[in-house]
Amino acid sequence: VPASRIRNFSIIAHIDHGKSTLADRLLQVTGTVADREMKEQFLDTLDLERERGITIKLQAARMNYTAKDGQEYVLNLIDTPGHVDFSYEVSRSLAACEGALLVVDASQGVEAQTMANVYLALENDLEIIPVLNKIDLPGAEPDRVAEEIEQVIGLDCSEAILASAKEGIGVNEILEAIVAQVPPPADTTEEPLRALIFDSYYDPYRGVIVYFRVMDGNLKKGDRVKFMASGQEYDIDEIGVLSPVQIQVDQLHAGEVGYLAAAIKTVEHARVGDTITLANHPATKPLPGYVEAKPMVFCGMFPIDADQFEDLREALEKFKLNDAALNYEPETSSAMGFGFRCGFLGLLHMEIVQERLEREYNLNLIITAPSVVYQVTTNKDEVLLIDNPSELPPPMLREKIEEPYVRLDMMTPQEHIGALMELCETRRGDFKDMKYITQDRASLIYEIPLAEIVTDFFNQMKSRTKGYASMEYHIIGYRPNDLVKLDILVNEEPVDSLACIVHRDKAYQMGRGLVSKLKQLIPRQQFKIPVQAAIGSKVLSRENIPALRKNVLSKCYGGDISRKKKLLEKQKEGKKRMKAIGTVEVPQEAFMAILKLN
Ligand code: GDP
Ligand code: MG
């Protein structure tokens, strides 16, 4: 296909505004996927994604479309993940396109994620086509929402397409608009090969499968390629297109989108954002914008049963083949024994990995509260990166602690502005700006420590605004603060896995909160257990978990065996997620107690 008849585009939207439904409809209308094969939301493949209704990993689909002008076009849809943790992947898949459909729910309006995606699309110089979706809903107000888009984004909406992805309304107009408005890719087939990787995954039989867009030159089966950032070279076994199932072809040229397999050992050799070139005829410069994704959030993972340590190591090794952003190192905790310190792009990434480890590998884990990465300058002028609160050097050895800050963008109906401001104040946020985007909706901007965001901020925001507010954030850098390590002692012993880093002004309140939460969460045992919060040797708060008086079974008055069994089973259930710390059994929830303080 000549470049002039190719259109590469993606769909950007706030979560739930209908991106996946529209993608399905496009595949159907173009006959790419036969109606009877159409599973709902074809593009979201991972079960977990479907359950959570979010798109985590990118996929692509090639569609053939005969336009009104009688010509046949190839339309490549490149899907983007729908979560802030993966915004780097979003930016790379947008970089592989010339245009984007901006889908906005006509019964809702512009949300925080709409804006974040639009900025990414504008940075990549994409042609943006506004689509007002869900016009079948009685509450749809396409005129109001069109005006909102014009006001907030400055995008001309006079030609916005009115659509219902659900009912199939507007789908043909969308296809025509893609052909007419999205520029064709530049025809640079004569130049040395440069292809942009926008996704990759590990296949146990064929090695890593790489999804890419050819920007310049062309690529054939059998070519020896070089990944410019990782420096790795491989011979291509297979190339093809995604329709959306993989179909082999002999070659792909500038403007086309496809996949390759080359018995690549791990996704680290072919990371998202890297440039593929030919080993014996390389391009002089890689494509711009490559960044190695850095983990921002860390936690400890410890098998409850020490025998599962090797299983956990193996599982993490396998995960790493498929997830270049995952980071892990063995960790030994005096309280928890042997485990791993794991790093993630963000909270969602962390939850996904944890859930899959438990589901797919049957591992029973205790997971410690998430921590960000602190930058500590020692009194010898060394800079240390601390991702584990228990490793914070003592005050006399450090000069300065800095923590990551984010710019937080929220959109909310005006009646919740007060509640959100209050939340941000308690979370050490610095107010930056507030704008009314319409008469009754406002955008609020704060600069706030990432540590405050990873401790349950999202749920707090949702519950304080009855679900109506939305948020987005991105890291803006490190800032010094008066931070201290808060130690938690259980039965007079400091528990390293419960230590956290907090602002000095909040330490007393956090210490009290944590101690009383732990008192609720740690079950009574045969003896009294003191729980304390301390900074250094200074105890801020102390409570006792009183000793158990009676055995559970004594309630059963002897006779009833089945009831006795049930009680014992219940007790066992409760035990499943317990870790013995010294002589005290501590449940999983205790390690997350810090997330439950309000
Ligand atoms: P995504 O998060 O942007 O991928 O959104 P989805 O495509 O998963 O859609 C979110 C919800 O909105 C689903 O329950 C869809 O069935 C529903 N939905 C999507 N498009 C429409 C539409 O045009 N009309 C109506 N009434 N519902 C829609
Ligand atoms: Mg979706």
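Structure shown above.
Figured I'd write up the structure that's included with this text. (Residues numbered from 1 in each chain as written. Chains lettered and ligands numbered in written order. Predicted model: local features only at pLDDT ≥ 70, side-chain atom pairs only at ≥ 80, totals over all residues. Heavy atoms only, no water.)

## Details of the packing of helix 9 (residues 417-426) against helix 11 (residues 457-464)
So, step 1. The geometry of helix 9 relative to helix 11 is characterised by a closest axis approach of 9 Å and an angle of 155 degrees between their N-to-C directions. The angle between the axes of helix 9 and helix 11 places the two elements in the roughly antiparallel class. Read as a crossing pair, helix 9 and helix 11 show a hand that is right-handed. Residues Ala419, Leu420, Glu422, Leu423 and Cys424 of helix 9 form the contact with helix 11, whose own contacting residues are Phe457, Gln460, Met461 and Arg464.
So, step 2. Here the residues of the contact of helix 9 with helix 11 are counted per class, giving six nonpolar, one polar and two charged. (Axes fitted to C-alpha atoms, helices over the stretch in contact; angles between N-to-C directions. Helix = DSSP H or I, 4+ residues; strand = E, 2+ residues; numbered from the N terminus. Parallel < 35°, antiparallel > 145°, perpendicular 65-115°, else oblique. Left-handed = near helix turned anticlockwise from the far one by under 90°. Contact = heavy atoms within 4.5 Å. Nonpolar A, V, L, I, M, F, W, Y, C, P; charged D, E, K, R; others polar.)

## A look at the packing of aromatic side chains
So, step 1. Applying the stated criterion across every chain yields a total of eight aromatic pairs.
So, step 2. A ring pair is formed by Tyr201 and Tyr211, whose centres lie 6.1 Å apart and whose planes are at 45 degrees; its orientation type is tilted. Here Tyr211 lies in strand 8 (residues 207-216) and Tyr201 lies in strand 7 (residues 194-203), a separation of 10 residues in the sequence.
So, step 3. When its relative accessible area of 3% is taken as the criterion, Tyr211 is described as buried.
So, step 4. Centre to centre, the rings of Phe319 and Tyr361 are 5.9 Å apart; their planes meet at 55 degrees, and the pair counts as tilted. Placement of the pair is Phe319 in helix 7 (residues 309-322) and Tyr361 in helix 8 (residues 347-361), with a sequence separation of 42 residues.
So, step 5. Residue classification places Phe319 among the buried positions, given a relative accessible area of 8%.
So, step 6. Joined through ring pairs, the aromatic side chains of Phe309, Tyr328, Phe338 and Phe340 make up one cluster. (Phe/Tyr/Trp six-rings, centres within 6.5 Å; stacked < 30°, edge-to-face > 60°. Buried < 20%, exposed > 50% of the residue type's maximum accessible area, 1.4 Å probe, protein only.)

## Focus: the sheet that holds strand 2 (residues 60-66)
Pairing between the strands of a sheet comes from backbone hydrogen bonds, and it takes one of two forms, parallel or antiparallel.
So, step 1. Pairing in this open sheet of six strands is mixed, and the strands run 2-3-1-4-5-6 from one edge to the other. Both edges of this open sheet fall to strand 2 and strand 6 (161-162), since each of them pairs with a single strand only.
So, step 2. Most of the contacts of helix 4 (residues 112-123) go to strand 1 (residues 6-13), to which it runs at about 150 degrees, and overall it touches strand 1, strand 4 (99-105) and strand 5 (127-133).
So, step 3. Set on the sheet, helix 5 (residues 142-153) makes contact with strand 4, strand 5 and strand 6; between it and strand 4 the angle comes to about 130 degrees. (Pairing = 2+ DSSP bridges.)

## Structural notes on the environment of Tyr119
So, step 1. As for its placement among the helices and strands, Tyr119 is situated in helix 4.
So, step 2. With relative accessibility at 48%, the residue Tyr119 sits in the partly exposed group.
So, step 3. Sequence separation between Tyr119 and Leu77 is 42 residues; the distance between their C-alpha atoms is 19 Å.

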